[in-house]
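# Structure at a glance
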Amino acid sequence: MSSALVETPCGPLGVVWDRDLVTRIELDPTPAFMQDATGPRPDWLLQPILNYFERPCARLELPVHVQGTAFQQRVWAELRQIPCGQTRTYGAIARQLGTSPRAVGQACRANPCPLVIPCHRVVAVSGLGGFAGDLHGRKLAMKRWLLKHEGVVLDGSLVADRPGSRDDRSRGGP
DNA sequence: ACCATGGGAGCAG
DNA sequence: CTGCTCCCATGGT
């Protein structure tokens, strides 16, 4: 198992791999990860990632091995079908799969390989939804950056993190 | 129980 | 009719 840091326009990326397969991508690497990530960054890992940031809509050909339940694999496969520059709502994915929007959200949250599995292209029907486990803050700024980078026009509900509601406040704030 | 939701009801302008 | 608030059904972990 090896790890490396890759500097990108949207922040540092932590990448973990086993032999020649990527198992995890961290959008917000912890200091502990930074210390550990001193290994070499092989070409097969670096090139596709740098290429994505240069030309986001070219195919991202990174060999990945993602572990997840059968349901999660099903959701992730569906996310990979979303074309670059487009978004889908949690509900739309859910209908397509015959499940519920929240279940889709949970599967997105469990995604170990952002970018490769483009969960940033999934948004809520009235808001941006979450990203990398968060609903507010820096990670959401990244989500916006990625979408914009891919050519999505961020209008209306997508410019803010999430429509404020008393529901959220009573369940504990950011 | 917990959720990265959605749709509907009720209410004020 | 529009734009808020709640409020709860939902399906997978």
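Residues numbered from 1 in each chain as written. Chains lettered and ligands numbered in written order. Predicted model: local features only at pLDDT ≥ 70, side-chain atom pairs only at ≥ 80, totals over all residues. Heavy atoms only, no water.

Scanning the model with the defined rule gives three aromatic pairs in all. Pairing Tyr52 with Phe53 gives two aromatic rings, centres 5.1 Å apart and planes at 85°, and the pair type is edge-to-face. Judged by centre distance (6.0 Å) and plane angle (40°), the ring pair of Phe53 and Trp145 falls under tilted. Taken together, the residues span a long stretch of sequence, with Phe53 in helix α2 (residues 43-54) and Trp145 in helix α6 (residues 138-149) at a distance of 92 residues. Owing to a relative accessible area of 30%, Trp145 belongs among the partly exposed residues under this scheme. Among the aromatic residues, those joined into a cluster by ring pairs are Tyr52, Phe53 and Trp145. (Phe/Tyr/Trp six-rings, centres within 6.5 Å; stacked < 30°, edge-to-face > 60°. Helix = DSSP H or I, 4+ residues; strand = E, 2+ residues; numbered from the N terminus. Buried < 20%, exposed > 50% of the residue type's maximum accessible area, 1.4 Å probe, protein only.)

Covalent bonding between the sulfur atoms of two cysteines is what defines a disulfide. Counted by the stated rule, this structure contains one disulfide. The disulfide that involves Cys57 links it to Cys84, with 2.1 Å between the sulfurs. Around the S-S axis, the bridge from Cys57 to Cys84 shows a dihedral of about -65° and counts as left-handed. Taken together, the positions of Cys57 in the loop between α2 and α3 (70-79) and Cys84 in the loop between α3 and β4 (88-89) put the pair 27 residues apart, joining distant regions of the chain. Here Cys57 falls in the partly exposed class, since its relative accessible area comes to 48%. Residue class for Cys84 comes out partly exposed when judged on its relative accessible area of 23%. Looking at the unpaired Cys108, the closest cysteine sulfur is the one in Cys119, lying at 5.7 Å. The exposure class assigned to Cys108 is buried, which follows from its relative accessible area of 10%. (Disulfide = S-S within 2.5 Å.)

This brings us to α2. Here α2 contains twelve residues, and its C-alpha end-to-end distance of 16 Å stays within 8% of the 16 Å for a straight helix at 1.5 Å per residue. All buried positions along α2 are accounted for by Leu45, Leu46, Pro48, Ile49, Tyr52 and Phe53. Summarising the contacts, the buried residues of α2 are in contact with β1 (2-8), β2 (11-18), β3 (21-26) and α6. (Expected span 1.5 Å × (residues − 1). Contact = heavy atoms within 4.5 Å.)

Turning our attention to unusual backbone geometry. A positive phi angle, close to 55°, is found at Arg19, a residue other than glycine. Tracing the backbone through its elements, the reader meets Arg19 in the loop between β2 and β3. Overall, the relative accessible area of 73% leaves Arg19 in the exposed class. A positive phi angle, near 50°, is found at Ala132, a position not held by glycine. Note that Ala132 resides in the loop between β5 (122-123) and α6.

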